[in-house]
Amino acid sequence: MVNVIAVIDIGKTNKKILLFNETLDVVYSNSTRFDEITDEDADPCDDIESIENWIQNEIKRIQSEGEYNIKAINFSTHGASLIYLDKKSNRVTPLYNYLKPLNLDEYHEFYDQYGGQEEFSRRTASPAYGMLNTGLQILKLQKEKPEFWSQVVSILHYPQYLSYLFTKKITADFTSVGAHTATWDFDTMQYHKWVSDYNLNLPTPQNGKEAIVATFNGREIAIGTGLHDSSSSIIPILETEKNNEFILLSTGTWIIAMNPFSKENLTQHQLKNNCLCFMTPQKQQIKSSMQFLGKIHEVYIDALSTYFKVDIDTHLHLELNEVLCNEIRDTDARVFLSEGIDTDFEAHPYLLTNYDNYEAAYYQIIFEMSKKVIQGINLISDENTVIKDVYISGGFNKNLIFIKFLELLNPDIQIKISDCKNESALGAALMMKSYI
């Protein structure tokens, strides 16, 4: 029987379980998807009950088959998601979607209590993103759903709730509370004063390498507290590049440029340009630029497919056309994306009428995305420090057009493709390696 670490890796689309052996190679993986359901306001949300049943059934199945001996379990999930528990440890609300509407105009009084929106956002390294700030989610529940809020005894971020399913312990970790929650004060590196002022019962974050031993299905297993996926994805490179500074581009629905070596505090200028801070499991600041560019890519490949009457995956089969890349770089036009921060994440097919063929339109979209990524990298780089190595993880590290535009837009950087797969899951596994 092979000793393994099981990692539950929950993305917005794919839900995975991966088994890592003692050398941290993946020896088994399984992936599934769940249809969204709706919350009490008819807004889409994840089917948390089906997800948690799937997780527990997968662990039981692996245990019963006898090929693998699960020594530890850890969790990696997308951020901006909370679970509220009542005194009987039952969920009080659905797992609300971070794209659910939240009107920031209704929270001026709150922001004004703590120095105004700009200073509060700078101090908490959390741009005013509405539901993407889990602290604001809590305030929204208090304000709009007092019948729910009156039942709340404990509040858990998504990774810690999955851990709770096995341990029944209320926990927090630095990567989750540090992910644009508006609850952490990066000036003092502790919970912001408003958390205690509002009597929120938030648990003290603990080091990501600490596990809780629990019995599941009759067997003792070390259970990790879980990690925010973007923060987890940087852990494998931090482990292998201990003497070398780098920036990581974590690419997917969000494209996030992360600099764990920045020594400077977040500035108002950075904040206003989609910058924020995450944290490592050991409470180290990660200066980051976070942009919803993967979503823009997603809606436009669908629009391109429809407009040019080609397969949805046509972009995957385009060969790198360096002449076209140079022409588009030299022209430096803006067609699809906004000049500043993007707020429109819908495709506009009428813009495609400017193009005679799929290739030219797709290259222009990738150019504009790449330009924004380079701007993000520049923003999170300290003034007197030059970091040349840029690692790319996630889906766009296979996109040669994206990589070429990055190189053309900043010839000084050296693009490196992260050679590990499932970075977020591997980061979670690395936190548990002493238990295998």
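The coordinates are above.
Residues numbered from 1 in each chain as written. Predicted model: local features only at pLDDT ≥ 70, side-chain atom pairs only at ≥ 80, totals over all residues. Heavy atoms only, no water.

Caption draft 1: Empty space enclosed by the protein, seen in detail. With the rule as written, the count across this model stands at six cavities of 30 Å³ or more. Lining the largest cavity are 15 residues; nearest its centre among them are Ile-155, His-157, Val-177, Tyr-191 and Leu-202. At the level of elements, α4 (134-144) and β8 (154-157) are the ones that each hand at least two residues to the lining of the largest cavity. Of the residues in the lining of the largest cavity, the class split is nine nonpolar, six polar and no charged. Approximately 70 Å³ is the volume found for the second largest cavity. Lining the second largest cavity are Glu-40, Tyr-84, Tyr-96, Lys-100, Met-131, Gln-137, Lys-140, Leu-141, Glu-144 and Lys-145. (1 Å grid on protein atoms, 1.4 Å probe; cavity = no way out; pocket = protein on both sides within 12 Å on 5 of 7 lines; lining within 4 Å. Points joined across faces, edges and corners; volume = space filled by probe spheres on them. Helix = DSSP H or I, 4+ residues; strand = E, 2+ residues; numbered from the N terminus. Nonpolar A, V, L, I, M, F, W, Y, C, P; charged D, E, K, R; others polar.)

Caption draft 2: Quick look at the nonpolar core. If you look at the biggest cluster of nonpolar residues, it comprises 101 residues, and the most contacted ones within it are Leu-249, Phe-402 and Phe-405. With 30 residues, the next largest nonpolar core counts Ile-59, Tyr-68, Ile-83 and Leu-85 among its residues. (Core = buried A, V, L, I, M, F, W, Y, C linked by side-chain atoms within 4.5 Å. Buried < 20%, exposed > 50% of the residue type's maximum accessible area, 1.4 Å probe, protein only.)

Caption draft 3: Quick peek at the layout of surface pockets. Here the second largest pocket defines a volume of roughly 460 Å³. Around the second largest pocket, the lining comprises 19 residues; the ones closest to its centre are Tyr-129, Leu-132, Trp-254, Asp-342 and Phe-345. Looking at the lining of the second largest pocket, its residues break down into 13 nonpolar, four polar and two charged.

Caption draft 4: Spotlight on the packing of aromatic side chains. If you walk through the whole model with that rule in mind, you get 27 aromatic pairs. Seen from their ring centres, Phe-75 and Phe-166 are 5.9 Å apart, and the 35° between their planes marks the pair as tilted. Residue Phe-75 is located in strand β6 (residues 68-77), and its partner Phe-166 is located in helix α6 (residues 158-167); the two are separated by 91 residues in the primary sequence. Of the two residues, Phe-75 and Phe-166, both sit in the buried class. On the basis of an interplanar angle of 90° and a centroid distance of 4.8 Å, the ring pair of Tyr-307 and Phe-308 is categorised as edge-to-face. Exposure remark for Phe-308: the relative accessible area of 18% places this residue in the buried category. Three or more aromatic residues joined by ring pairs make a cluster, and in this case those are Phe-110, Tyr-111, Tyr-114, Phe-120, Trp-194 and Tyr-198. Sitting over the ring of Tyr-98, Lys-12 keeps its end group 5.0 Å from the ring centre. (Phe/Tyr/Trp six-rings, centres within 6.5 Å; stacked < 30°, edge-to-face > 60°. Lys NZ or Arg CZ within 6 Å of the ring centre and 35° of its normal.)

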